[in-house]
Amino acid sequence: MGALMRAHDWSGSSLGPPSGWPQSLRTAVRLMLNTGHPMYIWWGPELACLYNDAYCRSIGPERHPQSLGRPAVEVWAEIWPVIGPQIEQVMSGRGATWHVDQLVPITRHGRVEDVYWTYSYSPIDDEAAPGGIGGVLVVCTETTRQVLTARQLGAERDRLARLFEQAPIFMALLHGREHRFEIANPAYLQLVGHRPVVGKTVAEALPEAAGQGYIALLDSVFASGEAYRANGAKLDVQTTPDGPHEQRFLDFVYQPIKDAGGAVTGIFVLGADVTLRTQAYHSLRESEASFRSALRAGRMGSWETDHRSKSRIWSQEGMALFGLDLVDGRGRLGGPDDEYVAALHPEDRHLAQHYHALAQHQDSFAADYRVVRPDGTTVWMSGRGLVTARDADGKPQRLVSIVADVTEAKQADEKLRVERERLRLALGAGRMGAFELDMRTNELWWSPETFDLFGVDETFVPTRENVLDFLHPDDRAEFVKRRSDAIARGMPFLDEFRIQRPDGSTVWIGYQGRAEYDADSRPLRTLGIVMDISERKQVERILRDADQQKDDFIATLSHELRNPLAPIRNAIDILRHIPPTDPRVAWCHGVIGRQTEQMTRLLEDLLDVSRLSRTQLTLRIGRIELGAVVRQAIEIAQPVIDAAGHELVVSMPDENVLLDGDLTRLAQVFSNVLINAAKYTPANGSISLRALREGEHIAVRVKDTGIGIAAENLARIFKMFGQVESALNRSQGGQGIGLALARGLVELHGGTIEARSEGLGKGSEFEIRLPAGQGRA
Ligand code: ADP
């Protein structure tokens, strides 16, 4: 710069050549040129510019070297508003100026730059100058780099402070071995319930931490200089001022802070509250544990099938169900080593393929099959498969399966099925139907047999009310009453009633029911069976009738047997008192003889009937002629007919009619009918006997003009002891044996006997039909 100044043409400058410069300027310039520190001088009324080497590095080619000796206002026009007043202050004798990191933006290297300076403007005395001040000495340092660096650091610090303030993680700085809080961020304060901690030791600020070993931990980090790291550490802390202690879980680091010599001066605490995460993790663990115990309790198991890795991952429970023991529960998928397929019961093995096919289109499907365990036991499984992932083509990639051991239920089902079937068979065999009435819903269930019994098909909907409509009106009220009595008394209920089926038929129903009650003895439902007892009822009626007939017969028989006894006893009495020569002796013998004969006949008839009913009566069958039979019958009946003064007209076929039979027995049949005609016809009546051949049969009709037979008695009279009341009262009344015997005998011959009458008082006709014998006599 010295050389430059010496070579400079000063003629254009207000300073003139250096030789003419005043001493004070020359001294100041020498001082300036000899220092490495940037310096500047403005001199004279024009404030001509002078500067040294160190300074010219700060001004750029815009001002160096052409500004040398030029007026300040011209060189520094762009910053004159800043420096002009400061120069003026110095030149006017108002003292030096001092500026630190002053921004003075100047144009250098082609652009305006923010340039910072720390500088002083000092007066340079000159006696010759007006006011004694010849110029201004500028001692300056460009501080642009320092200013910018300091500013950057400040911004960094601000950012860190903000981070510290706003960080979701908690941070605190502890100083010294007593761990005194220097700073603590809001997250930290929140963790400790916004207690004022700064300035206090951990022991003072958080007394609960000591008891939980945290101070001991800090002590050991401080002593060892080794960081400590914790995951999910538990801390019981008051998270609200004066609030209850709460359990928090923390991830944190105790980071020792060391000085330049490596000595620990404090500990930086940094961490995050992971309570929510930890709780979620724990509850997940818990729910998984309870899920697994639920699986075990329900004898259930699960596995996941992964088609990409060709593996099956079994849960412990799943393996237990199948009797498998695989390392890590990892099984193989497909091929002969597939444990699942191998475990399937041979008859169910095809289902593996079936389920595979189902999974192609269904995300969820049911699966039921048997598994044979390694110990040889067979178990029934029931469960579902669920597709959890498919590839781009929709093919299942992963499947979760869950199954339960339902062996017991299956066995119970099977037992129930067999029992039901047996019950059904039993009910069917016994012509029984079952029913069940839910008293709360009034829902009535019938078994199929019940529908049959009531003569309705299964479209019929039975209800508590409409069932009563089936009951015979005479039986209905009693049934309802007895049933509700039985329910009220908690008794089983047996009843019998008639029902009328829709087709009009009447059926006797045997009913057995009982009710079930709740804890308060309220009836919940009634159940029982109904059965068709019509046959039993009919048999009962027959037995009852037979019993009645037997009673009547005994009464009649006693009567009939006693009747001949009276004249016999009378005759014997007379015989006892008359000499054997008395002419009345013959009369007495006659009476005794006739009466005994009647008793004998009666007893013989009885014996015949008894033999008939025990099928012990045998016929002496021979080829006989109908005329002979009729003649013998008339011979027997004639006295009775004549006694009543009846006229008998007989008409026989022209030719002889032959038949195969017992002559005596058939004569007995015809005589009985003829005698009846005589007996039940008022005196002087008319009786006709007409025999004719009708095809393969012989018909013999005996007709009278007698009392006739009421229609309702037509069938009865052929039964044993079947007498008609009005006829019985007649003196000739028989024993009710004759026609029964006659029918038995005719039927033994393969024939029939029947009675006809137009009604009481209108006479009767009996027709006996017998098979005609083949050929001729
Ligand atoms: P009985 O010894 O009472 O005649 P039967 O068996 O021969 O016994 O007859 C049974 C009943 O049939 C008689 O009691 C009578 O009531 C009735 N009966 C039989 N034949 C006639 C008839 N020709 N006219 C009217 N009633 C008759």
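Everything numeric in this text was worked out from a predicted model, so none of it was measured.

A. Layout of the overall build of the protein. A count of helical and extended segments in the protein gives 24 helices and 30 strands. Relative to the 2.2 N^0.38 estimate, which gives 28 Å for 777 residues, the radius of gyration of the protein is 71 Å and therefore markedly larger than a compact globule would have. Per-residue burial for the protein yields a buried fraction of 42% across its 777 residues. When contacts within the protein are restricted to residue pairs at least 6 apart in sequence, long-range pairs at least 24 apart make up 52% of them. Seen as two clouds, the 88 positive and the 103 negative side-chain charges of the protein have centres 4 Å apart.

B. Spotlight on the sheet that holds strand β18 (residues 396-405). Across the sheet, 6 strands lie side by side as β15-β14-β13-β18-β17-β16; this open sheet has antiparallel pairing. The sheet terminates laterally at β15 (330-332) and β16 (364-372), the two strands that pair on one side only. Taken pair by pair, the neighbouring strands of this sheet meet at an average axis angle of 25°, ignoring direction. Pairing analysis gives 3 bridges linking strand β14 (residues 311-314) to β15, with the strands arranged antiparallel.

C. Examining the sheet that holds strand β29 (residues 752-757) more closely. Ordered by their spatial adjacency, 5 strands build an open sheet running β25-β27-β28-β30-β29, and the pairing between neighbours is mixed. Of all strands in the sheet, those with a lone pairing partner are β25 (647-651) and β29, marking the two edges. Averaged over all pairs of adjacent strands, the angle between their axes in this sheet comes to 15°, without regard to strand direction. Both strand β27 (residues 686-694) and strand β28 (residues 697-704) contribute to a ladder of 8 bridges, which runs antiparallel. Paired with Arg 693 across the strands is Ile 698, a residue of β28. In the packing of helix α22 (residues 663-679) onto the sheet, contacts are made with β25, β27, β28, β29 and β30 (764-771), and the angle to β30 comes to roughly 170°.

D. Main features of the pattern of salt bridges. Under the definition given, this model contains 55 salt bridges. Two residues, Glu 516 and Arg 525, come together in a salt bridge whose shortest N-O distance is 2.7 Å. Glu 516 sits in the partly exposed class, given a relative accessible area of 24%. We classify Arg 525 as partly exposed; its relative accessible area is 24%. One salt bridge connects Glu 765 with Arg 756, and the closest N-O pair in it is separated by 3.2 Å. Residue classification places Glu 765 among the buried positions, given a relative accessible area of 17%. With relative accessibility at 32%, the residue Arg 756 sits in the partly exposed group.

E. Up close: the state of the cysteines. By the definition in use, this model includes 0 disulfides. Sulfur of Cys 49: no disulfide; nearest cysteine sulfur belongs to Cys 140 and is 13 Å away. The structure places no disulfide on Cys 56, whose sulfur is separated from the nearest cysteine sulfur, that of Cys 140, by 12 Å.

F. Local environment of the nonpolar core. Leu 626, Phe 670, Leu 674, Phe 766 and Ile 768 are the most contacted members of the largest nonpolar core, which totals 45 residues. Among all residues touching Leu 674, those that are not within four sequence positions of it are Ala 633, Ile 634, Ala 637, Leu 648, Ile 687, Leu 689 and Val 702. One finds Trp 10, Ala 28, Trp 43 and Ile 133 within the second-largest nonpolar core, a separate group that totals 43 residues.

G. Local environment of the packing of helix α20 (residues 584-613) against helix α24 (residues 738-748). Interaxial distance between α20 and α24 falls to 10 Å at its minimum, and their mutual angle equals 50°. As far as their axial angle goes, α24 and α20 are oblique. As α20 packs across α24, the resulting crossing turns out to be left-handed. In contact with Asp 605, Asp 608, Val 609 and Leu 612 of α20, α24 contributes Ala 740, Leu 741, Gly 744, Leu 745 and Leu 748. Taken together, the residues that form the contact of α20 with α24 break down as 6 nonpolar, 1 polar and 2 charged.

H. Seen up close, the layout of surface pockets. Its volume calculated, the second largest pocket comes out at about 390 Å³. Forming the boundary of the second largest pocket are 22 residues, of which Thr 305, Arg 312, Tyr 340, Ala 352 and His 356 lie nearest the centre. When residues of the lining of the second largest pocket are traced back to their parent elements, those giving at least two are β13 (300-306), α13 (339-343), α14 (351-361), β16, β17 (378-390) and β18. Looking at which element gives the most residues to the lining of the second largest pocket, the answer is α14, with 5 residues.

I. The arrangement of the confidence of the model for the protein in detail. Looking at the protein as a whole, its pLDDT mean stands at 89, while 98% of the residues score no less than 70. Predicted confidence is poor over residues 726-733, with pLDDT under 50, and the contacts of this stretch with residues over four places away or in other chains come to 13 contacts.

J. Expanded view of unusual backbone geometry. In this structure, Pro 65 follows His 64 across a cis peptide bond, with omega equal to 5°. Unusually for a residue other than glycine, His 194 sits at a positive phi of about 55°. Turning to its location among the elements, His 194 is positioned in the loop between α7 (186-191) and α8 (202-205). Residue His 194 is classed as exposed on the basis of its relative accessible area of 53%. Phi is positive for Arg 299, close to 50°, though the residue is something other than glycine. Looking at the element boundaries, Arg 299 is found in the loop between α11 (275-297) and β13.

K. The packing of helix α19 (residues 534-577) against α20, seen in detail. As a packed pair, α19 and α20 sit with axes 8 Å apart at the nearest point and diverge in direction by 160°. Classified by the angle their axes make, α19 and α20 are roughly antiparallel. Crossing geometry of α19 relative to α20 is assigned as left-handed. Of the residues in α20, those in contact with Phe 553, Leu 557, Glu 560, Leu 561, Pro 564, Leu 565, Pro 567, Ile 568, Ala 571, Ile 572, Ile 574 and Leu 575 of α19 are Val 585, Trp 587, Cys 588, His 589, Val 591, Ile 592, Gln 595, Thr 596, Met 599, Leu 602, Leu 603 and Leu 606. Taken together, the residues that form the contact of α19 with α20 break down as 20 nonpolar, 3 polar and 1 charged.

L. How the structure looks around the side chain of Asn 52. Take Asn 52: it is sitting in the loop between β2 (48-51) and α3 (53-59). Among residues more than four places away in sequence, those in contact with Asn 52 are Met 1, Met 32, Leu 33, Thr 35, His 37, Pro 38 and Met 39.

Definitions and limits used
Residues numbered from 1 in each chain as written. Predicted model: local features only at pLDDT ≥ 70, side-chain atom pairs only at ≥ 80, totals over all residues. Heavy atoms only, no water. Helix = DSSP H or I, 4+ residues; strand = E, 2+ residues; numbered from the N terminus. Rg over C-alpha atoms; globule rule 2.2 N^0.38 Å. Buried < 20%, exposed > 50% of the residue type's maximum accessible area, 1.4 Å probe, protein only. Contact = heavy atoms within 4.5 Å. Lys, Arg positive; Asp, Glu negative; His and termini not counted. Charge placed at Lys NZ, Arg CZ, Asp CG, Glu CD. Pairing = 2+ DSSP bridges. Axes fitted to C-alpha atoms, helices over the stretch in contact; angles between N-to-C directions. Salt bridge = Lys/Arg side-chain N within 4 Å of Asp/Glu carboxyl O. Disulfide = S-S within 2.5 Å. Core = buried A, V, L, I, M, F, W, Y, C linked by side-chain atoms within 4.5 Å. Parallel < 35°, antiparallel > 145°, perpendicular 65-115°, else oblique. Left-handed = near helix turned anticlockwise from the far one by under 90°. Nonpolar A, V, L, I, M, F, W, Y, C, P; charged D, E, K, R; others polar. 1 Å grid on protein atoms, 1.4 Å probe; cavity = no way out; pocket = protein on both sides within 12 Å on 5 of 7 lines; lining within 4 Å. Points joined across faces, edges and corners; volume = space filled by probe spheres on them. pLDDT = per-residue confidence, 0-100.

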